[in-house]
Amino acid sequence: MRWVDALKAWNDKKGGSWTIPKKGTPEYDAVRAVMGSPETPKPAEVATQKAVATGEKALEPQDNKAIQKVRNKKGKEWAEGVAGRGAN
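Positions within a chain are numbered from 1, following the residues in the order the chain's sequence is written. Totals for whole chains, interfaces and linings use all residues, but because this is a predicted model, local features are given only for residues with pLDDT of at least 70 and pairs of side-chain atoms are given and counted only at 80 or more. As a rule here, side-chain values come from all non-hydrogen atoms in the structure, and water together with hydrogens is ignored.

A. Broad picture of the overall build of the protein chain. The way it works is that DSSP assigns letters per residue, a run of H or I at least four long becomes a helix, a run of E at least two long becomes a strand, and they are numbered from the N terminus. Scanning the protein chain from terminus to terminus reveals four helices and zero strands. Scanning the protein chain from its N terminus toward the C terminus, one meets helices and strands in the order α-α-α-α. The contact criterion used is simple: two residues touch if any of their non-hydrogen atoms lie within 4.5 Å. Considering only contacts in the protein chain between residues 6 or more positions apart, those separated by 24 or more positions represent 30%. For every accessible area listed, the method is Shrake-Rupley and the probe measures 1.4 Å; residues are considered covered only by the protein chains on display. Accessible surface for the protein chain amounts to roughly 7,400 Å². Of this, 58% is attributable to carbon and sulfur atoms.

B. Molecular detail of the packing of helix α1 (residues 3-14) against helix α2 (residues 26-35). To get an axis, fit a line to the C-alpha atoms, keeping to the stretch in contact for a helix; angles then go from 0 to 180 degrees between the N-to-C directions. Across the interface, α1 lies against α2 with an axial gap of 8 Å and an inter-helix angle of 110 degrees. By the angle class used here, α1 and α2 are roughly perpendicular. For α1 against α2, the interelement crossing comes out right-handed. In this structure, α1 contributes Trp3, Ala6, Leu7, Ala9 and Trp10 to the contact, and α2 contributes Glu27, Tyr28, Ala30, Val31, Arg32, Val34 and Met35. Angle categories: roughly parallel below 35 degrees, roughly antiparallel above 145, roughly perpendicular from 65 to 115, and oblique for all the rest. By definition, any crossing whose near helix is turned counterclockwise from its far helix by less than a right angle is left-handed, and any crossing with a clockwise turn is right-handed.

C. Examining the nonpolar core more closely. Of all hydrophobic cores here, the largest spans five residues; its members are Ala6, Leu7, Trp10, Val31 and Met35. Where this core is concerned, the elements lending two or more residues are α1 and α2. Ranked by residues supplied to this core, first place goes to α1 with three residues. Beyond its immediate sequence surroundings of up to four residues, Trp10 is in contact with Thr19, Pro21, Glu27, Ala30 and Val31. In these notes, a set of buried Ala, Val, Leu, Ile, Met, Phe, Trp, Tyr and Cys residues joined through side-chain atoms within 4.5 Å is what counts as a nonpolar core. Three labels apply to residues, based on accessible area from a 1.4 Å probe with only protein chains included: buried if under 20% of the type maximum, exposed if over 50%, partly exposed otherwise in between.

D. Structural detail: α1. Helix length check: α1, at twelve residues, gives a terminal C-alpha distance of 16 Å against a target of 16 Å (1.5 Å per residue), a fit within 8%. Of all the residues in α1, the buried ones are Ala6, Leu7, Trp10 and Asn11. The arc that holds every buried residue of α1, seen down its axis, measures 130 degrees, which confines them to one face. Of the residues in α1, the exposed ones pointing more than 90 degrees away from the buried face are Asp12 and Lys13. Structurally, α1 contributes buried residues whose contacts are with α2. To estimate the expected span of a helix, count its residues, drop one, and scale the result by 1.5 Å. Note that the arc is defined by the directions from the helix axis to the C-beta atoms.

E. Inspection of the packing of aromatic side chains at higher detail. Side-chain rings of Phe, Tyr and Trp, where Trp is taken by its six-membered ring, are said to pair if the distance between their centres is within 6.5 Å; with planes under 30 degrees apart they count as stacked, over 60 as edge-to-face, and otherwise as tilted. A complete count under the given rule lists one aromatic pair for this structure. The interplanar angle of 35 degrees and the centroid separation of 5.3 Å between the aromatic rings of Trp3 and Tyr28 together place this pair among those described as tilted. Here the residue Trp3 occupies a position in helix α1, and Tyr28 occupies one in helix α2, the gap between them amounting to 25 residues. Relative accessible area serves as the criterion here: at 26%, Trp3 is assigned to the partly exposed category. According to the relative accessible area criterion, Tyr28 is buried, its value standing at 13%.

Structure representation (structure tokens):
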């Protein structure tokens, strides 16, 4: 269940004015309990879950390193091109 859906359910059950509880309060924990998950999943877990749901391959740490290498190489090529223009 998403945070917004759990928040709506919790506020309907609570009655009164609609509130958004601050993190670390008992009210926040109550909304998390409605969600069914005691803690926030880590971004890597979310990416893996999305990949499994859509049938795609999740990025592995080595993939991130390869992407960073390409970005660094492109950055160096750009910097050399800019430096070369000033030498005319």
